[in-house]
Every structure is written in C-alpha cells, then in structure tokens.
Number of protein chains: 2
Amino acid sequence: MATIASIKANCRKVMCIGRNYADHVKELNNQKPKQPFFFLKPPSAILLPGAGPVLRPRGVTMHYEIELGLVMGKTVRDLDPEDTKGALDAIEGYLLAIDMTARNVQDEAKRKGLPWSIAKGFDTFMPVSNLIAKSRIPDPHNAHLWLSVNGQVKQNDSTELMLFRIPRQLSDISRVMTLEKGDIVLTGTPKGVGSVTAGDVMKAGLKIGGRDIEESRIEVP
Amino acid sequence: MATIASIKANCRKVMCIGRNYADHVKELNNQKPKQPFFFLKPPSAILLPGAGPVLRPRGVTMHYEIELGLVMGKTVRDLDPEDTKGALDAIEGYLLAIDMTARNVQDEAKRKGLPWSIAKGFDTFMPVSNLIAKSRIPDPHNAHLWLSVNGQVKQNDSTELMLFRIPRQLSDISRVMTLEKGDIVLTGTPKGVGSVTAGDVMKAGLKIGGRDIEESRIEVP
Ligand SMILES: [Mg+2]
Ligand SMILES: [Mg+2]
Ligand SMILES: [Mg+2]
C-alpha cells in the first residue's frame, strides 16, 4: 500500500465539498444547498503526520473542519450518481483530514464574491492521518468522526449524516473535471467547527463500530 | 528542456491572478483591486496543443481569457515583492494559456459567495501552447498577447499593462502557499474577453518586438 508521504508527493488535486452536513450548514448561518458545491485545496497545503504544527498566518481566524478523505485509485470521468459500486471501486483508500480554513478571509471572499482558494490554501492547512486501508472502513457512510481541542471534544458525528453521499459527490465532480489516481476528495465536515490558536492541540480520529482506527489518528500541536 | 506534455504530467497546481489589467476589470464591471487575488485551476484542465477542442459543458457560457503563463523551476516561499531577480530566477520557462471560464457559473458563484473552482475547472478549460524557452522572452513585462476568434482579433495588448507585476504576484502567492517546481502561474488577461461556442476557432500567440514567437501559438477548434 502507498504511504501517506507518497500520497502527498503524487497528489495533483484535492477537491472538497462544502456544506455537506445539515447541522454544520446551520451553525455557519448558510443555506442548505440544493446541489453540492466544491472547491480546490492545493496539494502544497497537506501536512503529514508528525510534520509539525499548523501555522496560523498573521491576522487569520483559523477554523478546524474534520473530514473523511478519499484517495482515488483510478481515473473517474462522468460517473453515474447511482453507480455506488463504480464510486467505491474507484477509491484506493481513506484518510482523515482537517480542512483548516481562514474563516475571516473566507467570510470576506464570500461577501465580495471572490474565490476561496487563499482562505483554504495556506501551507499546513490540511493535516492528514496516515493512509487507512480500504478494508478498514467497510462502509464509508457509517464511520464516526471526532475532533478535540486541548482534550475537549468539539466534533463528534457519523458520516451517515452526509447530505450528499460519496457516489453523488464523485459523480458531480467527475462531470466537471476528471478525477485522477492519487487525487483526494474531502467529503465535508459535521457540526462543531471552531477556531484554534497557536499552542492549541488538535486530536482527531475515526471510529468504526465504536472502535478507534489507529492509523486514522491525527495529533497536531 | 521539458516538453509541454511533461509539464502537464507533473503540474501540481495552477494559480491564476484575477483582474490584473485595468481595462479588463472595467469590461466586467468589477472594482479595481487594492491587492491581487488568486484562484486555483486543476491540472486536469490543461489541454495540450493538438489534443482537440475545448468542450463546452451544457448550459455554460464559455469565455476565453488569453494569459501569459509562468512555469516554475524551483520552490518559492515567502518571496520579497521587491525581489525581481529572485522572481525571475524562479521561472523555468513560459507558456501561453487560455483561462477558459464558465462565465454564467462564475457569475452565480460570485452572487452566492461560492467558490470559483467549478467555473474555472472543467476539463479542457486551459488550452496551452508549447513551452517557451526563457531566453525567448527577455522581459515578461514587455510581451504582446493576442487572441482571435474565427480570424477576428479580440484581445491584443502588452503585458506591460499588468496592474501587479510578476514579482508581486509570486510574492503574494508564495506567502500563502509554497510554489513548487512545475507549478504554473497565469498572470491575468487584458481586455477583450468574450464568449465562444462550438465550432469557433480560437487562435492566439505572443509577440516580442513585433515578431511572433512560433512555439507560443495556440489554435483550438
Ligand atoms: Mg470543509
Ligand atoms: Mg475557489
Ligand atoms: Mg483569467
């Protein structure tokens, strides 16, 4: 199996869905989307396990968003949204990721109708776990995500709460842009996002059937 | 020198500046920016010379934007905006690119405060020329860009009209995200953007001192 370092070295795009859990949509005072929307993070934002802290740019309010990530194993183009088998077959493995967001930069971009790329794209803004073998997550719509800050649990929800499921996500993305082997898809964050500052310690993980998956652990100082 | 096919194969991000020529800002009824802003295009959007037409997605108003592209030759982080030598030294070569834009999708994204990634990211939405050796463009702020549709010249301006010059662009980008060898930067489009539909033929090129640079030619059916 590929290592997470080789995943980072070979990744050519990271596509992320926005507003994919109803309670998270509410907490940011956003509208529940009628269809999914997506944005890109640059591969340069990936922070490998043990590679140091998330760096807070000056003047930035930095929010965490814990998400299940898909590592693509093959080329996907024009996937049918009903093709669940095709979608799952195209996934090579999983990872856990924190979609760090410069919330004040993003809020200003939204107000002005500007792109989100800067708000989402700073170096270190995508801490990841190790690669999780596909066999460890029998059903990606039945996995439990959690994230704590300084020991306090902040996010703690099941992926079964996704508004748009993985086949629909891969379908919508692949009708716009070809997904290539090594691309990463982040599937959205549940409620509980909030800010962190220098010195805060984020921990996160993924549980299947109530048990922590060791290689899903993230710990960033 | 690398070929354009290997540039596409190895490219990990394409960063593009918005609103970098005053007359283009006016024609889209936008405000002249006080500072540059940027967005990402996915490498999967790159359309190699001779690789076929730009594909218009259904329901999309598709605009061309001719731009000078920089191919990065080394890692750049936190570049000083005054460091012109550092900026130019970091460039490995140039290319000409058309930043194809789903204008109606982008307009809706702007209205709703949503990301631009879809509007800018469809497959084939970045036709490129062959690689242009660095020595062919002695001063990237003194090159002439042109684009025609069905033989009618639509864009025809010098890069000396850039609002933010290349060192400032590379500085601003690299203070957010590390630029890596093989990354591409698109430096903005002059006035004259407009729509094309299936069957239109776009041609484009770059002139130095009044003479066309052969390897800068783009022709897309
Ligand atoms: Mg997110
Ligand atoms: Mg964007
Ligand atoms: Mg452009």
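Residues numbered from 1 in each chain as written. Chains lettered and ligands numbered in written order. Predicted model: local features only at pLDDT ≥ 70, side-chain atom pairs only at ≥ 80, totals over all residues. Heavy atoms only, no water.

A. Here's a closer look at the relation of the copies chain B and chain A. The two copies are related by a screw motion: chain B maps onto chain A through a turn of 180° and a shift of 0.0 Å along the axis, at an RMSD of 0.0 Å. The superposition of one copy onto the other is thereby described by a two-fold rotation axis. (Least-squares fit on C-alpha atoms with pLDDT ≥ 70 in both.)

B. Up close: the sheet that holds strand S6 (residues 91-98) of chain A. Residue and element names in this part refer to chain A. One open sheet accounts for 6 strands, arranged S2-S1-S12-S5-S6-S9; its pairing is mixed. The sheet is open, and its two borders are formed by strand S2 (37-41) and strand S9 (132-133), each paired with just one other strand. In terms of strand pairing, strand S5 (residues 66-72) meets S6 through 7 bridges, oriented antiparallel. The partner of Ile-66 across the bridge, within S6, is Ile-98. Of the strands in this sheet, strand S1 (14-18), S2, S5, S6 and strand S12 (184-186) are in contact with helix H6 (residues 166-174), which crosses S12 at around 125°. (Pairing = 2+ DSSP bridges. Helix = DSSP H or I, 4+ residues; strand = E, 2+ residues; numbered from the N terminus. Contact = heavy atoms within 4.5 Å. Axes fitted to C-alpha atoms, helices over the stretch in contact; angles between N-to-C directions.)

C. The coordination of the magnesium ion (ligand 1), seen in detail. All names here are of chain A. Only Glu-65 (OE), Glu-67 (OE) and Asp-99 (OD) from the protein reach the magnesium ion (ligand 1) as donors, at distances of 2.0 to 2.1 Å. In the primary structure, the donors to the magnesium ion (ligand 1) are separated according to the pattern E-x1-E-x31-D. Here the residue Glu-65 occupies a position in the loop between strand S4 (62-64) and S5, and Asp-99 occupies one in the loop between S6 and strand S7 (101-102), the gap between them amounting to 34 residues. What makes Glu-65 buried here is its relative accessible area of 5%. (Donors = N, O, S within 2.8 Å, 3.2 Å for Na, K, Ca; no water. Buried < 20%, exposed > 50% of the residue type's maximum accessible area, 1.4 Å probe, protein only.)

D. Region of the structure containing the interface of chain B and chain A. Taken together, the contact between chain B and chain A spans 31 residues of the former and 31 residues of the latter. Interface area for chain B against chain A, summed over the two sides, is near 2600 Å², with a carbon-plus-sulfur share of 61%. Inspection of the region where chain B meets chain A yields 0 salt bridges. One can count 16 residue pairs in polar contact (both at pLDDT 80 or more) joining chain B with chain A. At the level of secondary structure, the elements contributing two or more residues to the side of chain B that touches chain A comprise helix H1 (4-10), strand S2 (37-41) and helix H5 (117-121) of chain B. The leading source of residues in the side of chain B that touches chain A is S2 of chain B, at 5 residues. Considered class by class, the residues forming the side of chain B that touches chain A number 16 nonpolar, 6 polar and 9 charged. (Buried area = accessible area lost by both parts, 1.4 Å probe. Salt bridge = Lys/Arg side-chain N within 4 Å of Asp/Glu carboxyl O. Polar contact = N/O pair within 3.5 Å; in protein donor to acceptor, adjacent residues only side chain to side chain. Nonpolar A, V, L, I, M, F, W, Y, C, P; charged D, E, K, R; others polar.)

E. Layout of the sheet that holds S4 of chain A. Residues and elements named next belong to chain A. Spatially, S7-S4-S13 is the arrangement adopted by the 3 strands of the open sheet, whose pairing is antiparallel. The open sheet has two edge strands with one neighbour each: S7 and strand S13 (194-196). Strand direction decides the pairing type here: S4 and S7, joined by 2 bridges, are antiparallel. Its bridge partner being in S7, His-63 is matched across the sheet by Thr-101.

F. Representation of the coordination of the magnesium ion (ligand 3). Binding of the magnesium ion (ligand 3) to the protein goes through Glu-65 of chain B (OE), Glu-67 of chain B (OE) and Asp-99 of chain B (OD), at separations of 2.0 to 2.1 Å. Positions of the donor residues of the magnesium ion (ligand 3) along the chain correspond to the pattern E-x1-E-x31-D.

G. Summary view of the pattern of salt bridges. Residues and elements named next belong to chain A. Evaluation of the coordinates by the stated rule reveals 28 salt bridges over all chains. Linking Asp-99 and Lys-120 is a salt bridge whose minimum nitrogen-to-oxygen distance equals 2.9 Å. Placement of Asp-99 in the loop between S6 and S7 and of Lys-120 in helix H5 (residues 117-121) is noted, with a sequence separation of 21 residues between them. In terms of burial, Asp-99 and Lys-120 fall into one category: buried. What emerges from the salt-bridge pattern is a single network uniting Lys-41, Glu-65, Asp-99, Arg-103 and Lys-120.

H. Examining the side chain of Asp-183 of chain A more closely. Residues and elements named next belong to chain A. Within the secondary structure, Asp-183 sits in the loop between H6 and S12. Polar contacts involving the side chain of Asp-183 include one to the main-chain amide nitrogen of Glu-180, which spans 2.8 Å. Ignoring anything within four residues of it in the chain, the contact list for Asp-183 reads Arg-12, Lys-13, Leu-70, Val-71, Met-72 and Thr-178.

I. Just H6 of chain A, in detail. All names here are of chain A. Judged by how many residues are buried, H6 sits mostly within the fold: 7 of 9 residues are covered. Here H6 has its buried residues at Ile-166, Pro-167, Gln-169, Leu-170, Ser-171, Ile-173 and Ser-174. Here the buried face of H6 lies against S1, S2, S5, helix H3 (84-89), S6 and S12.

J. Examining unusual backbone geometry more closely. Residues and elements named next belong to chain B. The phi angle at Arg-19 is positive, at roughly 50°, despite the residue not being glycine. As for its position among the elements, Arg-19 is in the loop between strand S1 (14-18) and helix H2 (22-27). On the accessibility criterion, Arg-19 (13% relative accessible area) is buried. Positive phi, normally seen in glycine, also occurs at Thr-124, with a value near 75°. Within the secondary structure, Thr-124 sits in the loop between H5 and strand S8 (126-127). What makes Thr-124 buried here is its relative accessible area of 11%.

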